[in-house]
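# Remarks on the overall topology
Chain residues, written in single-letter form:
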Amino acid sequence: MNHNQTQKTKELAAKAEFFGLHKNILLPEEHQKILISANQEKRLLSAKELKVLCNRSHSDANKLEELQAKLPALIDEAKRILLKRIPNITEPGGSLYPKERAEACWRDCFHFARISIYGTAAGDTNITDKQGLKVVEELYSILEVPINALVICLKELQLQCSRTYTINHPQKDLSLLDGCFNHLVEKMEAMQ
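The following refers to the structure shown. (Residues numbered from 1 in each chain as written. Predicted model: local features only at pLDDT ≥ 70, side-chain atom pairs only at ≥ 80, totals over all residues. Heavy atoms only, no water.)

## Re the layout of surface pockets
- The computed volume of the largest pocket comes to approximately 680 Å³.
- If you go around the largest pocket, you meet 27 residues; those closest to its centre are Ala 104, Asp 108, His 111, Leu 139 and Tyr 140.
- Of all elements in the fold, only α1 (3-15), α5 (99-122) and α6 (130-143) reach the threshold of two or more residues within the lining of the largest pocket.
- Considering every element that reaches the lining of the largest pocket, the biggest residue donor is α5, with ten residues.
- Partitioning the lining of the largest pocket into residue classes produces 17 nonpolar, three polar and seven charged. (1 Å grid on protein atoms, 1.4 Å probe; cavity = no way out; pocket = protein on both sides within 12 Å on 5 of 7 lines; lining within 4 Å. Points joined across faces, edges and corners; volume = space filled by probe spheres on them. Helix = DSSP H or I, 4+ residues; strand = E, 2+ residues; numbered from the N terminus. Nonpolar A, V, L, I, M, F, W, Y, C, P; charged D, E, K, R; others polar.)

## Here's the deal with the packing of aromatic side chains
- Scanning the model with the defined rule gives three aromatic pairs in all.
- Consider the rings of Phe 18 and Tyr 140, whose centres lie 6.3 Å apart with planes at 55 degrees: the pair is tilted. Taken together, the residues span a long stretch of sequence, with Phe 18 in the loop between α1 and α2 (29-40) and Tyr 140 in helix α6 at a distance of 122 residues.
- Given a relative accessible area of 12%, Phe 18 falls into the buried group.
- Exposure remark for Tyr 140: the relative accessible area of 7% places this residue in the buried category.
- Aromatic pair Phe 19 and Tyr 118: ring centres 5.2 Å apart, planes at 80 degrees, arrangement edge-to-face. Remark: Tyr 118 occurs in helix α5 and Phe 19 occurs in the loop between α1 and α2; sequence separation between them is 99 residues. (Phe/Tyr/Trp six-rings, centres within 6.5 Å; stacked < 30°, edge-to-face > 60°. Buried < 20%, exposed > 50% of the residue type's maximum accessible area, 1.4 Å probe, protein only.)

## So, the packing of helix α4 (residues 61-85) against α5
- Here α4 crosses α5 at 145 degrees, and the two axes come no closer than 10 Å. Remark: the crossing between α4 and α5 carries right-handed chirality. Judged by residue contacts, Leu 64, Leu 67, Gln 68, Leu 71, Ile 75, Lys 79 and Leu 82 of α4 engage Trp 106, Cys 109, Phe 110, Ala 113, Ile 117, Thr 120 and Ala 121 from α5.
- Residue composition of the contact of α4 with α5, grouped by class: eleven nonpolar, two polar and one charged. (Axes fitted to C-alpha atoms, helices over the stretch in contact; angles between N-to-C directions. Left-handed = near helix turned anticlockwise from the far one by under 90°. Contact = heavy atoms within 4.5 Å.)

## Regarding the packing of α5 against helix α8 (residues 171-191)
- Remark: α5 packs on α8, axes separated minimally by 8 Å, with the N-to-C direction vectors making an angle of 135 degrees. When the interaxial angle is binned, α5 and α8 end up oblique. Crossing hand, α5 versus α8: right-handed. Facing α5, whose interface residues are Phe 112, Ala 113, Ile 115, Ser 116, Gly 119 and Thr 120, α8 presents Asp 173, Leu 176, Leu 177, Cys 180, Phe 181, Leu 184 and Met 188.
- Split by residue class, the contact of α5 with α8 holds nine nonpolar, three polar and one charged. (Parallel < 35°, antiparallel > 145°, perpendicular 65-115°, else oblique.)

## Considering the environment of Gly 94
- Mapping Gly 94 onto the fold places it in the loop between α4 and α5.
- On a C-alpha basis, the gap between Gly 94 and Glu 17 in space is 26 Å, while along the polypeptide they are 77 residues apart.
- Beyond its immediate stretch of four places on either side in the chain, Gly 94 contacts Asn 88 and Ile 89.

Written out as structure tokens, the structure reads:
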């Protein structure tokens, strides 16, 4: 990558944003602030934040907290499935080579799950930012991100989260969680 491409990539990375739910004017200001803070810090929601958000959505804050605690293992399982389906993807010549590219993919999976949990807690499946997604798509194109691999991981992560979440959980909560993941899958597939 030459200097101009590197500069363009940095500029796009600063503007690239999947998450947009916090911009929903129908959400209470307190909820918007929670979502803005958590998203800026790229972290999971605290137990207190989950309770505040779930108070309005009536999702189960304790179950979402349990799901968050299991995310590393669920992402590892999604990763294992991807590597089983496309075994050479992290090898020289593969689209997730070198190691830094693969690590970026696993980080993206975490962020997809993170914002899906945000949406479930807030009670809204429309979790993306339209303008931010355009920038993400341009950035992914320049970086030649293997969107097909991300979609496979995202769908597998959705399956793992849904399986984990279905044990003694209300159907409404699962519909919200699946709805958030489906929304992300739809947006990612549109980039292919």
